[in-house]
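So you can see what is in the structure, the chains are spelled out below.
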Amino acid sequence: MSHPTPEALAEAACKELSSLKSRTVPLTPRDRLGIPVQEMPTQDPVVRRRNVQEVACGYTPEQAQLESMRCLQCKNAPCVQGCPVRIDIPGFLKLAADGDFEGACNTIKKNSLLPSVCGRVCPQEVQCQENCTVGKALKSVDKAVSIGRVERFVADLERETGRTKAPVIKPPTGKKVAVIGTGPASITVAADVRREGHTVVMFEAFHKPGGVLVYGIPEFRLPKRIVQAEFDALTAMGVELQTNFVIGRTRKLMALLDEDGFDAVFIGTGAGLPKFMNMAGENLVGVFSANEYLTRANLMKAYDFGRADTPIYRTGKVAVLGGGNVAMDAARTAVRLGADEVHIIYRRTEVEMPARVEEIAHAKEEGVIFHLLENAKRLIGDENGCVTGMECLRYELGQPDASGRRRPVEIKGSEFIREIGTVIVAIGNDSNPLIPRTTAGLGTTQWGNVIVDDKGKTSLDRVFAGGDIVLGAATVILAMGEGRRAAASINELLRK
Ligand code: FAD
Ligand code: SF4
Ligand code: SF4
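Below you will find a few notes about this structure. Everything numeric here is computed off the predicted structure, so don't read it as measured data.

Conventions and cut-offs
- The residue numbers shown here count from 1 along each chain, following its written sequence.
- Here every chain gets a letter starting at A, and every ligand a number starting at 1, in the order they are written.
- Totals for whole chains, interfaces and linings use every residue, but because this is a predicted model, local features are given only for residues with pLDDT of at least 70 and side-chain atom pairs only at 80 or more, for both listing and counting.
- The side-chain numbers reported here are obtained from all heavy atoms of the structure, hydrogens and water having been left aside.
- Helix numbers and strand numbers start at the N terminus; a helix is a DSSP run of H or I with at least 4 residues, a strand a run of E with at least 2.
- For the exposure calls, accessible area comes from a 1.4 Å probe over protein chains only, and a residue counts as buried if that area is under 20% of its type's maximum, exposed if over 50%, partly exposed in between.
- Contact criterion: two residues are considered in contact whenever any of their non-hydrogen atoms come within 4.5 Å of each other.
- Note on areas: these come from Shrake-Rupley sampling with a 1.4 Å probe, and a residue is covered only by the protein chains present in the view.
- What makes a residue near a molecule or strand is one non-hydrogen atom of that residue sitting within 4 Å of it.
- Three classes are used, and their members are as follows: Ala, Val, Leu, Ile, Met, Phe, Trp, Tyr, Cys and Pro are nonpolar, Asp, Glu, Lys and Arg are charged, and the others, Gly among them, are polar.
- At least two DSSP bridges between two strands are required for those strands to pair.
- Orientation is described by lines fitted to C-alpha atoms, with helices fitted over the stretch in contact, and by angles between N-to-C directions that extend from 0 to 180 degrees.
- Working definition: a ring pair exists when centres of Phe, Tyr or Trp rings (six-membered ring for Trp) sit within 6.5 Å. Plane angles under 30 degrees give stacked, over 60 give edge-to-face, the rest tilted.
- Both a distance and an angle decide whether a charge sits over a ring: NZ of Lys or CZ of Arg must be within 6 Å of the ring centre and within 35 degrees of the ring normal.

Things to note about the overall build of the chain
And then number 1: Across its full length, the chain holds 20 helices and 16 strands.
And then number 2: Based on the C-alpha atoms only, the size of the chain along its principal axes is roughly 75 × 65 × 50 Å.
And then number 3: Taken over 496 residues, the chain has a buried fraction of 52%.
And then number 4: In the chain, once contacts between residues fewer than 6 apart in sequence are set aside, the share between residues at least 24 apart is 69%.
And then number 5: Taken as a whole, the chain presents about 22,100 Å² of accessible surface, with 53% of it coming from carbon and sulfur.

Here it is, written out as structure tokens:
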């Protein structure tokens, strides 16, 4: 399939926009439905296999304007119902369609603190864009208005042109809040609480802040300079950041309240505990959790051969077990680290894959090989304890399970061997257990998620929580929504 160049897409958009602008009568809904969907310009797959630069290059101003003009300004705005933080989508698209990109960005920022991030990583096709009237009229969710891409464009433009406004901070209150973790839930809490004039200190176990945005999601999907810009804004607001600080080890949570003078604590420690398959051979050399593999490659910069010291295990054939975004990120990272072949092994079909459609398509373009209805049964090693192969089983789909997806059923006697030098297990994550284990009285579910009430408050007085530690592995925008709710409760508590 030919790959349209960014230049060709930009030129087509310029022509289309100037023809629409030359019209003397207003656009009808029918005209709007006829405006072509603006494709996201991307790096050529052959080139990007060997670099970590962002795959999606972003819209030009003309593309952003044209895409916004496709919006029908529906009165009931079903798109807004699909956005977990209820951004005024028709409102910002109207401004962008009129060329007021600054106004569009300001509208988004009333509800979302990280539009550059969410515009890139939100699973829009199952959120805001799923119910878009344009997509329904054109009978394909792929033809819905590309809300996320316009959101990304206006937010990037604001940052890149240095027009980001510093928020107004109320006078000091003398109250102090500890925020544990620095992922999207914690970033939201820190900003919302600091704006009220409270002192905020963030504690992060790693040497760099950002949570999964920095250690998990690869550079080629979310450039780290964007996350860093958010932290620069937080520190400019006066938020204090303590890295290499593990709450539960360096300091216990209750000591923050009882001895260190904090008035409230927010737990945003995420779901960073990898799940394993518990099969024979999982301890062999060359078997990784996706978390470890991605952390080495991203946060520890193993991709930067020759300049970073972080070792990474490199072999010709890599197998990734799983079908979610994490599996796609691990597979596409292995491609960039120079593997000859990267295989995704998934026991259902592509329809049931939880990964975003766009990530699956990008992985295929980059040469990742998909083996569906197949799973690993045991791993095989050599005399040095290194993984050399994998015994696999074939599957078929049975009746739907509790999740509504059809259950994979083993085909008896279908075992066969695949030769493999590296195995990356990407079948999900559980909540980080350290704080619940070291904090008496903190209520958790049987899966280790912290239990909160409808205001984000835990079973302990003055202790709040949100994000993946509460929801289990979820999404960036849901973590931000949780952070916003907890921050409102903390601000209310501290007003008393
Ligand atoms: P996290 O982002 O997990 O941050 C938690 C932070 O707390 C971490 O920095 C951790 O080091 C720190 N911490 C943990 N314990 C302690 C402690 N005891 N003391 C101090 N600090 C501590 N979501 C999407 O919406 N779209 C995507 O495309 C997407 N892709 C993903 C790809 C990968 C590889 C992964 C792993 C996740 C992905 N997600 C995606 C999910 C999303 O990133 C998470 O839902 C989100 O980051 C959760 O935010 P959080 O603030 O709850 O926690
Ligand atoms: Fe869509 Fe996410 Fe933006 Fe909401 S925050 S409008 S779900 S891209
Ligand atoms: Fe616009 Fe689609 Fe939302 Fe309607 S549903 S307001 S067309 S983005």
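That was the structure; now back to the text.
Comments concerning the site of ligand 3
And then number 1: Around ligand 3, the neighbouring residues are Cys71, Leu72, Cys74, Pro78, Cys79, Pro90, Leu93, Cys132, Thr133, Val134 and Ile147.
And then number 2: Where the shell around ligand 3 is concerned, the elements lending two or more residues are α5 (78–82), α6 (89–97) and α9 (133–137).
And then number 3: Of the residues assigned to the shell around ligand 3, the class counts are 10 nonpolar, 1 polar and no charged.

With respect to the sheet that holds strand β7 (residues 317–321)
And then number 1: Pairing is parallel in the open sheet, where 5 strands are placed in the order β6-β14-β7-β8-β9. Unpaired on one side and paired on the other, β6 (287–289) and β9 (369–372) mark the two borders of the sheet. The sheet shows a mean angle of 20° between the axes of neighbouring strands, direction not considered.
And then number 2: In terms of strand pairing, strand β8 (residues 341–346) meets β9 through 4 bridges, oriented parallel. Its bridge partner being in β9, Ile344 is matched across the sheet by Phe370.
And then number 3: Sheet contacts for helix α15 (residues 290–297): β6 and β14 (422–425); angle to β6, the most-contacted strand, approximately 85°.

As for the side chain of Thr349
And then number 1: Along the polypeptide, Thr349 turns up in the loop between β8 and α17 (357–365).
And then number 2: Residue classification places Thr349 among the buried positions, given a relative accessible area of 19%.
And then number 3: Apart from residues no more than four positions distant in its own chain, Thr349 is found in contact with Leu372, Leu373 and Leu397.

What about the packing of aromatic side chains?
Two aromatic rings are characterised by how far apart their centres lie and by the angle between their planes.
And then number 1: Scanning the model with the defined rule gives 5 aromatic pairs in all.
And then number 2: For the pair Phe101 and Phe153, a centre-to-centre distance of 4.9 Å together with 75° between the ring planes defines the contact as edge-to-face. Highlighted residues: Phe101 in helix α7 (residues 101–109) and Phe153 in helix α10 (residues 147–160), separated in sequence by 52 residues. Take Phe101 and Phe153: they sit in the same class, and that class is buried.
And then number 3: We note Lys364 situated over the ring of Phe370; from NZ or CZ to the ring centre the distance is 5.5 Å.
And then number 4: Taking NZ or CZ as reference, Arg394 lies 4.2 Å from the ring centre of Phe416, over its face.

These figures come from the coordinates and say nothing about function on their own.
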